[in-house]
Amino acid sequence: MKTLKYLLAALGLGLASPSISIASDCYHIAKILPNYEKQFESVSAGHDSDRFKPKREFFWILDETTPFSREMFKDMYELSKKQLAPGDAIYIASFSYNGKDNGVSRFLKPLFEYKLDLPIDEKKDAKLSTLIGHEDLRKYDQCLANQKGYVEKKIGLYAKGVMDGYSPTISKSEILYSLKEISVRVNQSKAKERVILLSSDMLENSAVTSFYKNNIPKKINPQSEWANADVKSMIGDFGGAKVYVYGAGIVGSDVNTKDGAISRDPQTIMALQAFWTQYFKASNATLIAFGHPTPTITPAP
């Protein structure tokens, strides 16, 4: 059995890769493609067949301006790992605001994307399996066995990078504009089901508007804030995605207390949730859970 280390070497990616990683798939690692490209085309209608399209794409979007504790990151990491199934795709990105903090550029950053391959079943894919050599099928199965572990490590790597990159001196948070930009990628997904884990305090603080007063989250007027976002063209199109928020309303002092994160008062949270519910509805998405900080409903694996 090939080790995860061997797989990483085969993919040409080290665990310290700082930019977005789009790794090779097991079809190429096992040399099933291009060696058997004609056979694939004859039995599966070519590369546009369902085998090469993700059944479901999971998006983990992290807000660099939210002061998550290590326990929260661990919880979100475990939740993300549970979303991985054969045939699914994952996409990770972080956002902050368009500017610099202590000399460090802060902006929307795609970090990692990958599609888990489907097994080639001898019965279900009988025509295909009979056309491919036994040794190549064995290599393919070995690659699949290590693929999920590879992706889990990459998820942990980039989550840790976002956690370590948090700075309490960041004073702005461009959530609305960042989400509008991210929605373009979500809408382009070929998956039938699109699920977003949005790790953010959801507290906008930008030139568009601010959900703070005297550096404390304020009770907003959902309707007036919605009208403002609409007028300033902050609405996106998420292509029917389901959204789960983790971390709404938390601030730096919350995660530094002995008991961990503290939620804002109910009226503030309810107003915040009302705004984002309307925002996602207008942006062709459904807000399923609004965790403050932890969602009571999580995506089904």
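Located above this text is the structure these notes cover.
Right, let's walk through the structure included here. In this text, all values refer to a predicted model and were calculated from it rather than measured experimentally. (Residues numbered from 1 in each chain as written. Predicted model: local features only at pLDDT ≥ 70, side-chain atom pairs only at ≥ 80, totals over all residues. Heavy atoms only, no water.)

### Topic: the overall build of the protein chain
Looking only at helices and strands, the protein chain features eleven helices and eleven strands. Across the 301 residues in the protein chain, those meeting the buried criterion constitute 52%. The long-range fraction of contacts in the protein chain, counting pairs at least 24 apart against all pairs at least 6 apart in sequence, stands at 80%. Counting every atom, the protein chain has about 14,600 Å² of accessible surface; 52% of that belongs to carbon and sulfur. (Helix = DSSP H or I, 4+ residues; strand = E, 2+ residues; numbered from the N terminus. Buried < 20%, exposed > 50% of the residue type's maximum accessible area, 1.4 Å probe, protein only. Contact = heavy atoms within 4.5 Å. Areas by Shrake-Rupley, 256 points an atom, 1.4 Å probe, with all protein chains shown as cover.)

### Some details on helix α9 (residues 222-231)
Residues three or four positions apart in an α-helix share a direction because the helix packs 3.6 residues into each turn. All of the buried residues along α9 are P222, E225, W226 and A229. Down the axis of α9, the sector holding all buried residues measures 100 degrees, keeping them to one side. Counted as exposed and oriented over 90 degrees from the buried face of α9: Q223 and V231. Buried residues along α9 sit against α8 (175-187) and α11 (266-282). For α9, the N-terminal cap is N221; the gap from its side-chain oxygen to the backbone nitrogen of Q223 is 3.1 Å. (Arc of directions from axis to C-beta. Polar contact = N/O pair within 3.5 Å; in protein donor to acceptor, adjacent residues only side chain to side chain.)

### Looking at the pairing of strand β3 (residues 89-95)
Remember that side chains alternate between the two faces of the sheet whenever the strand is regular. Across the seven residues of β3, seven count as buried, placing the element largely inside the fold. Residues A89, Y91, A93 and F95 of β3 are buried on one face, and the alternating residues I90, I92 and S94, pointing to the opposite face, are buried as well. Examined bridge by bridge, strand β2 (residues 56-63) and β3 share seven bridges and lie parallel to one another. Bridge pairing in β3 places F58 opposite I90. The handedness of the β2 to β3 crossover, carried by helix α5 (residues 70-81), is right-handed. Strand direction decides the pairing type here: β3 and strand β6 (residues 109-115), joined by six bridges, are antiparallel. When the sheet's bridge partners are listed, Y91 is paired in β6 with E113. (Pairing = 2+ DSSP bridges. Right-handed = clockwise from strand over helix to strand, strands pointing away.)

### What to know about the packing of aromatic side chains
One pass over the structure, following the stated rule, counts 13 aromatic pairs. Ring geometry for F68 and Y246: centres 6.3 Å apart, planes at 70 degrees, overall edge-to-face. Placement of the pair is F68 in the loop between β2 and α5 and Y246 in strand β10 (residues 241-246), with a sequence separation of 178 residues. The buried category is assigned to Y246, whose relative accessible area is 3%. Consider the rings of F211 and F275, whose centres lie 5.5 Å apart with planes at 80 degrees: the pair is edge-to-face. Linking F211 in the loop between β7 (193-199) and β8 (212-213) with F275 in helix α11, this pair joins segments that are 64 residues apart in sequence. We note that F211, like F275, is buried. (Phe/Tyr/Trp six-rings, centres within 6.5 Å; stacked < 30°, edge-to-face > 60°.)

Scope: geometric values only; no functional claims are made or implied.
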